[in-house]
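Descriptive structure summary
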Amino acid sequence: KEFCSDSSIDNLFRIISLLAKVSQLDNTLGEEISRAGSQAILKRLVDRIKEYITIYETSTNEPSEELLDKLMDYLDLTCELYSPMQTRGMPFTNEEIERRLPLVYNLGPTAVPEGEGGDGEQHDHDGTTILISQVTVRQSSQGDVGYVMWPSAIVLSRWLLSNPQHILGKSVLEIGAGCGLVGIAAARLFAQSNCEEKKCVTITDVNDLVIDNIAKNIVLNDVSEVACVAKLDFYEQTGNNESGKWIEGFTFEDRDPVEVILAADIICQPSDAVAAAKTIYDALVPTTGRAYVVCADSEHRFGIEIFQEECERVGLEVTTTNVADMSEDLLSDCHSTSGYVDGMNLTFYEVQKK
């Protein structure tokens with residue numbers, strides 16, 4: 001009776017709802033709770049709720065319809081969390097937890113000289129904090145590079161916050177997004193802007209596991225209203241769509257061209273440079289379309305040395321700037337990323353479709 005009192009059901013429903021929300025937003029914490037024995041507790045709760053539902057349904061007294069509805073809702077939510085395949089296990093080690101917890105990026109604007117990719121002004125907004133979960137599965141191939149954070153994503157995100165005028169009010173597409181930091185930074189600017197029409201940033205990658213992780217990071221950062229995910233394979237784009245369109249990888253349908261493309265560390269081999277140039281050409285609107293790309297130099301990224309040439313080959317105009325010449329502040333936090341070494345040269349590419 002005490003279990004089935006309205007107050008007890010309401011309190012338990014709030015606890016289970018909180019557990020469901022935590023598990024959705026933070027896979028690590030959800031799995032840690034499971035390892036600590038939550039599945040055994042959920043199993044007992046499922047059995048207990050079913051028992052009480054049976055008692056009420058077979059009772060000679062008229063059961064409270066509202067109470068039965070609450071019990072059924074409670075059962076549905078508990079069953080969503082309960083998985084017979086999950087058993088109590090050893091808790092995560094400190095190293096495992098550190099690897100699984102979201103990375104925290106406090107990204108503030110920095111003054112970038114005019115003519116070097118910036119407007120020369122220090123913007124008065126306070127910046128933003130973005131949480132990024134990486135894919136915890138071990139990388140096994142080159143196609144898994146999007147599992148982790150790379151330095152160019154931080155640089156491009158900081159540049160965006162310093163130069164919001166390049167994206168506000170425009171259609172934006174991030175390609176080869178990896179963990180999605182750049183696209184989420186753009187989405188955060190959209191969410192905080194005073195623009196009457198809120199645009200949506202489309203954040204793309206080709207790896208399905210990476211795309212799932214981007215979707216979780218969008219939810220984690222509460223930008224679902226201004227960001228969405230899609231699949232885009234560089235190697236499926238033709239490089240000859242003068243008026244602009246790109247092929248979405250889940251539906252294989254043509255998508256409209258965009259005004260801005262964002263890309264960070266998208267090239268790992270020469271063929272990537274060729275395919276990325278074709279993708280940028282196809283996906284940009286003519287004349288006014290711009291792509292902003294940041295990549296490490298050829299000492300650290302194979303194939304980047306031909307990227308500008310391939311862009312020009314398909315009909316794109318390219319200007320380049322050394323990131324260190326733009327602002328040293330753009331390189332803040334890069335030490336927390338994969339593959340960064342002191343003295344690494346990164347290049348900022350501004351690409352225009354003629």
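Figured I'd write up the structure that's included with this text. If you're wondering where the values come from, they're calculated on a predicted model, not measured in any experiment.

1. A word on the packing of aromatic side chains
Applying the stated criterion across every chain yields a total of four aromatic pairs. Centroid distance Trp159 to Tyr292: 4.8 Å. Interplanar angle 40°. Geometry classified as tilted. Of this pair, Trp159 sits in helix 5 (residues 151-162) while Tyr292 sits in strand 9 (residues 290-296), and the two are 133 residues apart along the sequence. In terms of burial, Trp159 and Tyr292 fall into one category: buried. Grouped by ring-pair contacts, the aromatic residues Trp159, Tyr292 and Phe348 constitute a single cluster. Sitting over the face of the ring of Tyr281, Lys353 holds its NZ or CZ atom 4.3 Å from the ring centroid.

2. Comments concerning the packing of helix 5 against helix 6 (residues 181-192)
It is the contact of helix 5 with helix 6, at a shortest axis distance of 8 Å, that shows an interaxial angle of 15°. What the angle tells us is that helix 5 and helix 6 run roughly parallel. Crossing of helix 5 over helix 6 shows right-handed handedness. Contacts between helix 5 and helix 6 pair Ala153, Ile154, Leu156, Ser157, Leu160 and Leu161 from the former with Leu181, Val182, Ala185, Ala186 and Leu189 from the latter. In the contact of helix 5 with helix 6, the residues fall into ten nonpolar, one polar and no charged.

3. Quick look at the side chain of Gln237
Within the secondary structure, Gln237 is located in the loop between strand 5 (227-231) and strand 6 (246-247). Engagement of the side chain of Gln237 in a polar contact is seen with the backbone nitrogen of Ile247, the distance being 2.9 Å. When neighbours within four sequence positions are excluded, Gln237 is seen to be in contact with Leu232, Trp246, Ile247, Lys278, Thr279 and Asp282.

4. Some words on helix 8 (residues 270-283)
In a regular helix each residue adds 1.5 Å, so 14 residues correspond to 20 Å; helix 8 covers 20 Å between its end C-alpha atoms and thus fits that length. Listed in full, the buried residues belonging to helix 8 are Asp272, Ala273, Ala275, Ala276, Ala277, Thr279, Ile280, Tyr281, Asp282 and Ala283.

5. Description of helix 7 (residues 208-220)
Think of an α-helix as turning once every 3.6 residues; residues three or four places apart then point the same way. Taking 1.5 Å as the rise per residue, helix 7 with 13 residues should run 18 Å; its terminal C-alpha atoms sit 18 Å apart, in good agreement. Those residues of helix 7 that fall on the buried side of the exposure criterion are Val210, Ile211, Asn213, Ile214, Asn217, Ile218 and Leu220. Capping the start of helix 7, Asn207 holds a side-chain oxygen 2.9 Å from the backbone nitrogen of Leu209, two or three residues further along. One or two steps after helix 7, the chain reaches Asp222, where phi turns positive at roughly 55°.

6. Side note on the nonpolar core
Within the largest apolar cluster, 51 residues are counted, with the highest numbers of intra-cluster contacts made by Met149, Leu156, Leu181, Leu262 and Val323. Take this core: its biggest share by element is eight residues, from helix 6. In contact with Leu181, other than residues within four places in its own chain, are Tyr105, Leu107, Ile130, Ile132, Met149, Ala153, Ile154 and Ser157. Membership of the second largest hydrophobic core comes to 30 residues, among which are Ala263, Ala275, Val293 and Tyr349.

7. Some words on the pattern of salt bridges
Where side chains of opposite charge bring their charged atoms close, a pairing between them can arise. For the coordinates displayed, the defined rule picks out eight salt bridges. With a shortest N-O distance of 2.8 Å, Arg158 and Asp333 are connected by a salt bridge. You can see Arg158 sitting in helix 5 and its partner Asp333 sitting in the loop between helix 10 (323-326) and strand 11 (346-353), a full 175 residues away along the chain. When its relative accessible area of 35% is taken as the criterion, Asp333 is described as partly exposed. For Arg290, the salt bridge is made with Glu350, and the minimal N-O distance between the two is 3.6 Å.

Parameters at a glance
Residues numbered from 1 in each chain as written. Predicted model: local features only at pLDDT ≥ 70, side-chain atom pairs only at ≥ 80, totals over all residues. Heavy atoms only, no water. Phe/Tyr/Trp six-rings, centres within 6.5 Å; stacked < 30°, edge-to-face > 60°. Helix = DSSP H or I, 4+ residues; strand = E, 2+ residues; numbered from the N terminus. Buried < 20%, exposed > 50% of the residue type's maximum accessible area, 1.4 Å probe, protein only. Lys NZ or Arg CZ within 6 Å of the ring centre and 35° of its normal. Axes fitted to C-alpha atoms, helices over the stretch in contact; angles between N-to-C directions. Parallel < 35°, antiparallel > 145°, perpendicular 65-115°, else oblique. Left-handed = near helix turned anticlockwise from the far one by under 90°. Contact = heavy atoms within 4.5 Å. Nonpolar A, V, L, I, M, F, W, Y, C, P; charged D, E, K, R; others polar. Polar contact = N/O pair within 3.5 Å; in protein donor to acceptor, adjacent residues only side chain to side chain. Expected span 1.5 Å × (residues − 1). Core = buried A, V, L, I, M, F, W, Y, C linked by side-chain atoms within 4.5 Å. Salt bridge = Lys/Arg side-chain N within 4 Å of Asp/Glu carboxyl O.

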